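Residue-level structure breakdown
The residues making up each chain are set out below.
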Amino acid sequence: MSPRLSAKVPEPDHKRIWSNRDKLSAKGAAVKIVLAFDSFKGSLTAKEACRVVAETLRDLQADWHIESVPLADGGEGTAQTLVDACLGLWRFVEGVTGPLPEMQISAPFGWLPETRTAVIEMARASGLPLLTPAQRNPLRTTTFGTGQLLAAGVKAGARRLILTLGGSATVDGGTGAARALGWRFLDAVGQEVPLGGEGLLRIAKLVAPSEILPPVEAWYDVRNPLLGSNGAARVYGPQKGADEAMVAQLEKGLEHLADLVERQLGMRLHDLPGGGAAGGFGFGAKAFLGAQLAPGAQGVMQAVGLEQALAGADWVITGEGALDSQSLQGKVVGEVARLAGRRQVKVAVLTGRLRLDSAACQAAGLARCEQLVMPGMSTEQAISQAGPLLAAAACRLAEAMAGGVQCQS
């Protein structure tokens, strides 16, 4: 059965944003549409989402030129997107420390041969999905394994390291990864402090290694600072297993670490945008690895050539699991909209759940917004039917975009 048959699913109640003056002609000049999706977490990868929409649109209008450019935002899936786009490969490392110090796992890093770039996705070694809910404890979880993957990339001859921050189980300020790369974090009597967030308050001295890393780029998927009400501990600590007392301890530990970095290394990074990403690993990447921090979505878009793909395009269609205000702050949809706006390319969004009103969508430069999930549909139903729902939404979007296009039942 063709995916477009799911267009029989009833339309959602809320607004779709378009007007007749924006319709494309089904005849005349060739129409170019670029598909630039993020993943729909738990259901579709970015590559799968692009494929579903491409097949649907080609069935409806064979003479449209459709180009797929799967994206990611610096979180989970970013390394796979880069490996796919840059004809890379995976290199596995045995005996990597998992999120808990006693865990030993096999974990990969991406290798991009043309540029000799190692792509380390921290979720592969230090990610929350590697733990059961009962194992989550950010006082103990560590980024040490991610540091081992960075070291493996250096050993492989990397001229550039890309570290993607997202999906972490940790709130250790990146100290575990730094330790795996030769840093020492000593207490008042010169002993190594324990791994994990519980050791942060006990650090008295920072000792740098003699080795120098190749250039490191740390791509974040959230702009949160290290500390405060929007910081690493208070915002993300609870989802990593921290109760109220743990959150307070972690906040104090991260503040103590930031003060030490300022006093001993001469860098004030308390308010660094993205410093709170991955339990403060954004901060640690800057302080201990000399990393350049950047929004992951921008980094991916540059790596996969989205700007070049948009040349001559009429539309770019993007989307993710939910469209809300956070989507416009460094996530894929917001960054695509900004780039498309500079190129004067119209933007349409297909999203699992639409949590912005029409005014907010229009202010963000989104000409069309379409929700996949029907009223009354559970999350489980939406995940299990993600492909057909996306195809149906693409049909409805195509009908609005081009006169004469009609979804078939």
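Quick look at the structure, then. (Residues numbered from 1 in each chain as written. Predicted model: local features only at pLDDT ≥ 70, side-chain atom pairs only at ≥ 80, totals over all residues. Heavy atoms only, no water.)

Looking now at the packing of aromatic side chains. Scanning the model with the defined rule gives 5 aromatic pairs in all. Centroid distance W183 to F185: 6.3 Å. Interplanar angle 25°. Geometry classified as stacked. Residue F185 is classed as buried on the basis of its relative accessible area of 0%. Between F185 and F288 the ring centres are 5.3 Å apart and the planes differ by 85°, which places this aromatic pair in the edge-to-face class. Separated by 103 residues along the polypeptide, F185 in strand 8 (residues 184-186) and F288 in helix 8 (residues 277-289) bring together distant segments of the chain. One aromatic cluster is present, formed by W183, F185, F283 and F288 through successive ring pairs. (Phe/Tyr/Trp six-rings, centres within 6.5 Å; stacked < 30°, edge-to-face > 60°. Buried < 20%, exposed > 50% of the residue type's maximum accessible area, 1.4 Å probe, protein only. Helix = DSSP H or I, 4+ residues; strand = E, 2+ residues; numbered from the N terminus.)

An α-helix turns once every 3.6 residues. As a result, residues three or four positions apart point the same way. With 12 residues, helix 11 (residues 332-343) extends 16 Å between its outermost C-alpha atoms, agreeing within 8% with the 16 Å of an ideal straight helix rising 1.5 Å per residue. For helix 11, the full list of buried residues reads V332, V333, G334, E335, V336, A337, L339 and A340. Where helix 11 is buried, its residues touch strand 2 (32-37), helix 9 (296-304), helix 10 (306-309), strand 12 (315-319), strand 13 (322-323) and strand 14 (346-351). Immediately downstream of helix 11, the backbone of Q344 shows phi near 60°, a positive value. (Expected span 1.5 Å × (residues − 1). Contact = heavy atoms within 4.5 Å.)

Backbone-to-backbone hydrogen bonds pair the strands of a sheet. The strands run either parallel or antiparallel. With respect to topology, 5 strands assemble into an open sheet ordered 3-2-12-14-16, the strand pairing being parallel. Edge strands, defined here as strands with exactly one partner in the open sheet, are strand 3 (65-68) and strand 16 (368-371). Averaged over all pairs of adjacent strands, the angle between strand axes in this sheet comes to 20°, irrespective of strand direction. Here helix 11 sits on the sheet and contacts strand 2, strand 12 and strand 14; the angle it forms with strand 12, its principal contact strand, is near 165°. (Pairing = 2+ DSSP bridges. Axes fitted to C-alpha atoms, helices over the stretch in contact; angles between N-to-C directions.)

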